[in-house]
Amino acid sequence: MTSPGTFWDTFTGAFLQAPVPDITWTEMLLTLAAAITLSIPRRSWRYFGLLATATHELGHAFAAVTTGQRLSGIRLRLDHSGTTTTYSRSRLATAWSCFWGYPVPAIVGAAFVWAGVSGWGPAAMAASSVTLAASLLFLRNPAGFLITGAAIAAIAALTVLVPAAFAGHVAVCLGVALLVAAVRDLLKLANVHVRRRERLETSDAYLLSRATAVPSALWILLFAVLVACAWFAAWQPVSAVLLKGA
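Reading the values: the criteria
- Residues numbered from 1 in each chain as written.
- Predicted model: local features only at pLDDT ≥ 70, side-chain atom pairs only at ≥ 80, totals over all residues.
- Heavy atoms only, no water.
- Axes fitted to C-alpha atoms, helices over the stretch in contact; angles between N-to-C directions.
- Helix = DSSP H or I, 4+ residues; strand = E, 2+ residues; numbered from the N terminus.
- Parallel < 35°, antiparallel > 145°, perpendicular 65-115°, else oblique.
- Contact = heavy atoms within 4.5 Å.
- Nonpolar A, V, L, I, M, F, W, Y, C, P; charged D, E, K, R; others polar.
- Buried < 20%, exposed > 50% of the residue type's maximum accessible area, 1.4 Å probe, protein only.
- Patch = residues over 30% accessible without salt bridge, like charges linked within 9 Å, V, L, I, M, F, W, Y side chains within 5 Å.
- Areas by Shrake-Rupley, 256 points an atom, 1.4 Å probe, with all protein chains shown as cover.
- Salt bridge = Lys/Arg side-chain N within 4 Å of Asp/Glu carboxyl O.
- Phe/Tyr/Trp six-rings, centres within 6.5 Å; stacked < 30°, edge-to-face > 60°.
- Core = buried A, V, L, I, M, F, W, Y, C linked by side-chain atoms within 4.5 Å.
- Lys, Arg positive; Asp, Glu negative; His and termini not counted.
- Pairing = 2+ DSSP bridges.

Visitor: Hey, could you run me through the packing of helix H3 (residues 42–66) against helix H5 (residues 103–117) in this one?
Guide: Angle between the axes and distance between the axes are the two parameters that describe a pair of packed helices. Their axes nearest at 8 Å, the elements H3 and H5 cross at an angle of 105°. Judged by the inter-axis angle, H3 sits roughly perpendicular to H5. Where H3 abuts H5, its residues Ala-52, Thr-55, His-56 and Gly-59 lie against Val-104, Pro-105 and Val-108. Along the lines of polarity and charge, the residues of the contact of H3 with H5 split into four nonpolar, three polar and no charged.

Right under this line is the structure:
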């Protein structure tokens, strides 16, 4: 059994650069298949989608804090919904924090992919667990603590138990899974506006349209552009590694 001291030493050591993984075309195809398996089937999405929701809400929270808003609390629910409550006298600041939900899982996913292929996979996982631990201060419901606690435990375990030489591969897989999850959530959002309009009040795009008078469709389009840019950014370091090994 690993002692607390050994666990801590291994965890803090994860912030150092690890060996750069040797990624092949076959592995990337398997990674994409694993990411789709996590993000598409309902059974796996029931659990992995909770991490995507937590990332979404942390995007709102981070944007609020960095613009001087007061962060009242974050609520995560087991049905993949979430709420981040902030207070601000500026409508522009409120719109800014409302915007940074849907694009953030894709941006974080791209960052994970970059970290994985450059030897910073363990650091990315360790930093993620620290960020999630900090968010515990703002959680306001039992389900939120359950979801976040489970995510912290899983990511910390991966950070400590996965060999440094293999951690980059795990980081790339998690990153691609978050990128796929971002696309899934974006399609779900579009479906709310097209076919399930009774749920419009749960849509960030709808809330943004009410706050700014800019149509919801344009906000959804902007979300899609940023998600596409995240996919493009993630592909650049991967393609460089694949071409180098060809």
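Visitor: Quick question: what am I supposed to make of unusual backbone geometry here?
Guide: Note: most residues except glycine have negative phi, and most peptide bonds are trans. With a phi close to 75°, His-80 is a non-glycine residue in the positive phi region. Note that His-80 resides in the loop between strand E1 (70–76) and strand E2 (82–87). Judged by its relative accessible area of 16%, His-80 is buried. Residue Ala-213 is not a glycine yet carries a positive backbone phi of 70°. On the secondary structure map, Ala-213 appears in the loop between helix H9 (204–212) and helix H10 (216–245).

Visitor: What should I look at first to understand a nonpolar patch on the surface in this one?
Guide: Residues Leu-32, Ile-36, Ile-40, Val-183, Leu-187 and Trp-231 make up a contiguous nonpolar surface patch of about 490 Å² in total accessible area. For the nonpolar patch, the secondary-structure elements that each account for two or more residues are helix H2 (25–39) and helix H8 (164–194).

Visitor: Explain the packing of aromatic side chains here, please?
Guide: Two measures describe an aromatic ring pair: the distance that separates the ring centres and the angle between the ring planes. Scanning the entire structure with this criterion turns up seven aromatic pairs. When the centroid spacing of 6.2 Å and the interplanar angle of 50° are considered together, the rings of Trp-25 and Trp-235 count as tilted. You can see Trp-25 sitting in helix H2 and its partner Trp-235 sitting in helix H10, a full 210 residues away along the chain. For Trp-235, a relative accessible area of 41% translates into the label partly exposed. Ring centres 5.1 Å apart and planes at 40° place the aromatic pair Phe-99 and Phe-223 in the tilted group. Separated by 124 residues along the polypeptide, Phe-99 in helix H4 (residues 91–99) and Phe-223 in helix H10 bring together distant segments of the chain.

Visitor: Where do I start with the nonpolar core in this structure?
Guide: Membership of the largest hydrophobic core comes to 51 residues, with the highest contact counts inside it found for Phe-48, Met-125, Leu-189, Leu-208 and Phe-223. Of the residues forming this core, the biggest block, 14 residues, is contributed by H8. Sequence-distant contacts of Leu-189, that is, excluding residues within four places in its chain, are made with Tyr-102, Ser-203, Ala-205, Ile-220 and Phe-223. If you look at the next biggest cluster of nonpolar residues, it comprises eight residues, including Ala-54, Ala-61, Leu-71 and Ile-147.

Visitor: Explain the side chain of Asp-185 here, please?
Guide: With respect to the helices and strands, the residue Asp-185 is situated in helix H8. For the buried residue Asp-185, which engages in no salt bridge, the nearest side chain bearing the opposite charge is Lys-188, 5.4 Å off. Those residues in contact with Asp-185 that sit more than four places away from it in its chain are Trp-45, Ala-52 and Tyr-102.

Visitor: I keep staring at the pairing of E1 and nothing clicks. Help me out?
Guide: Consecutive side chains along a regular strand alternate between the two faces of the sheet. Both E1 and E2 contribute to a ladder of six bridges, which runs antiparallel. When the bridges of E2 are listed, Arg-75 appears paired with Thr-83.

Visitor: Explain the packing of H2 against H3 to me, please; I cannot follow it from the model alone.
Guide: In contact at an axis separation of 6 Å, H2 and H3 are set at 90° when each is read in the N-to-C sense. By the criterion of interaxial angle, the relationship of H2 to H3 is roughly perpendicular. Along the contact surface, H2 presents Thr-37, Leu-38 and Ser-39, while H3 presents Ser-44, Trp-45 and Phe-48. Among the residues forming the contact of H2 with H3, the class breakdown is three nonpolar, three polar and no charged.

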